[in-house]
Amino acid sequence: MESVNGELISINDVFYNNIPGKEYKCYFSKGEFLMVYRVFYIDDFLYSLGVLTYPNKDKNREMSDFFNSFRIVK
């Protein structure tokens, strides 16, 4: 967020296969864009997934499909 001079708008708990993580959202570029990141610490590895979009596209189906498309293979 600091690199884009973003404004934090929320931090929420999220889960991947019952493993807790965090989702944070911020506006940047004077509120023209929304950055959504999910972070998980699983088996000594940090996983970070992010989406950049327009604020009116928050929580759309494509974003959910993107976040749900990842699988951790051990």
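Counting starts from 1 at the beginning of each chain's written sequence and moves along it residue by residue. Two thresholds apply to this predicted model, a pLDDT of at least 70 for residue-level local features and 80 or more for giving and counting side-chain atom pairs, whereas whole-chain, interface and lining totals are computed over all residues. As a rule here, side-chain values come from all non-hydrogen atoms in the structure, and water together with hydrogens is ignored.

A run of H or I in DSSP counts as a helix once it spans at least four residues, and a run of E counts as a strand once it spans at least two, with each numbered from the N terminus. The topology assignment puts Glu-23 in strand E2 (residues 19-28). Accessibility here uses a 1.4 Å probe with only protein chains present; expressed as a share of the type maximum, an area under 20% marks a residue as buried, one over 50% as exposed, and anything in between as partly exposed. The class of Glu-23 is buried, set by a relative accessible area of 8%. In the analysis that follows, any N or O atom pair within 3.5 Å is treated as a polar contact, provided that within protein one partner can donate a hydrogen and the other can accept it, and provided that, for residues neighboring in sequence, both atoms belong to side chains. For Glu-23, the side chain forms a polar contact with the side chain of Arg-38, separated by 2.9 Å. Ignoring anything within four residues of it in the chain, the contact list for Glu-23 reads Ser-10, Ile-11, Asn-12, Val-14, Val-36, Tyr-37 and Arg-38. We call two residues contacting when some pair of their heavy atoms lies within 4.5 Å.

Here the focus is a nonpolar patch on the surface. On the surface, Met-1, Leu-8 and Ile-11 cluster together into a nonpolar patch covering about 260 Å² of accessible area. When its relative accessible area of 42% is taken as the criterion, Leu-8 is described as partly exposed. Patch building starts from residues that exceed 30% relative accessible area and form no salt bridge, then joins like charges within 9 Å and nonpolar side chains (Val, Leu, Ile, Met, Phe, Trp, Tyr) within 5 Å. Residue-level accessible areas treat just the shown protein chains as cover; the underlying method is Shrake-Rupley with a 1.4 Å probe. The salt bridge criterion pairs a side-chain nitrogen of Lys or Arg with a carboxyl oxygen of Asp or Glu, the two atoms within 4 Å.

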